[in-house]
Amino acid sequence: GCPTILTKSQWGGRAPTCRTAMATPVTYVVIHHTEGTACTSQSACITQAKSVQNYHMNSNGWCDVGYSFLVGEDGIAYEGRGWTSVGAHAPNYNSNSIGISVFGSFMSRNPNAAALNAVQSLISCGVSRGYIKSAYILKGHRNVTATDCPGNTFYNTVRSWPRFQA
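What counts as what
- Residues numbered from 1 in each chain as written.
- Predicted model: local features only at pLDDT ≥ 70, side-chain atom pairs only at ≥ 80, totals over all residues.
- Heavy atoms only, no water.
- UniProt positions renumbered as here; feature names shortened; annotations may be inferred.
- Helix = DSSP H or I, 4+ residues; strand = E, 2+ residues; numbered from the N terminus.
- Phe/Tyr/Trp six-rings, centres within 6.5 Å; stacked < 30°, edge-to-face > 60°.
- Lys NZ or Arg CZ within 6 Å of the ring centre and 35° of its normal.

K.L.:
Explain the UniProt feature "domain: N-acetylmuramoyl-L-alanine amidase" (unreviewed entry) in the protein chain to me, and be specific about the residues and the numbers.
P.N.:
Per the UniProt record, "domain: N-acetylmuramoyl-L-alanine amidase" (unreviewed entry) is found at residues 14-151. Secondary structure across residues 14-151 comprises 25% helix and 21% strand; the distance between its end C-alpha atoms is 28 Å.

Printed below as a string of structure tokens:
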């Protein structure tokens, strides 16, 4: 099954100012953290989703949220660019990956079980719906560019998940 996924209109996100269609199914899933404030309620996570979108559009000059999806410790997935639009989350991987970012900083702690389950459920959902190849390759953001994302503790967890390749 799929986790609860709030569409951009459901969480009150801004419309993108541009969009590039992405060929699916994609080969890669890239895991991130926002390095911002964590959230455990839908209302707090909506606030964080809007904050990330504003930062990506206003400060970075991007045409939308960089990630395909954002996940909160409320166990809900928040649509960013979604399944079929090229993201802006991982250089050289954007056009062939789904980028999933968890709200918060996970250098010294893991996301809670609700968030971890939602991320794994979202990946399974993408496979079952034909957006992600069944033989996908899972990577942490640090595996594709110089960064400490998705945080040391979370990265060590992601490394133990099926289909992970550094």
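K.L.:
Describe in detail the packing of aromatic side chains, supporting the description with residues and values.
P.N.:
This structure, assessed with the given rule, holds seven aromatic pairs. Centroid distance Trp83 to Tyr131: 5.2 Å. Interplanar angle 5°. Geometry classified as stacked. In this pair, Trp83 sits in the loop between β4 (77-79) and β5 (97-102) while Tyr131 sits in the loop between α3 (113-128) and β6 (132-140), placing the two residues 48 residues apart along the sequence. Measuring from centroid to centroid gives 5.8 Å for Phe106 and Phe154, while their planes differ by 70°, and the two rings are edge-to-face. Placement of Phe106 in the loop between β5 and α3 and of Phe154 in helix α4 (residues 152-158) is noted, with a sequence separation of 48 residues between them. Members of the aromatic cluster, joined through ring pairs, are Phe69, Trp83 and Tyr131. Positioned above the aromatic ring of Tyr155, the side-chain terminus of Arg142 is 4.6 Å from the ring centre.

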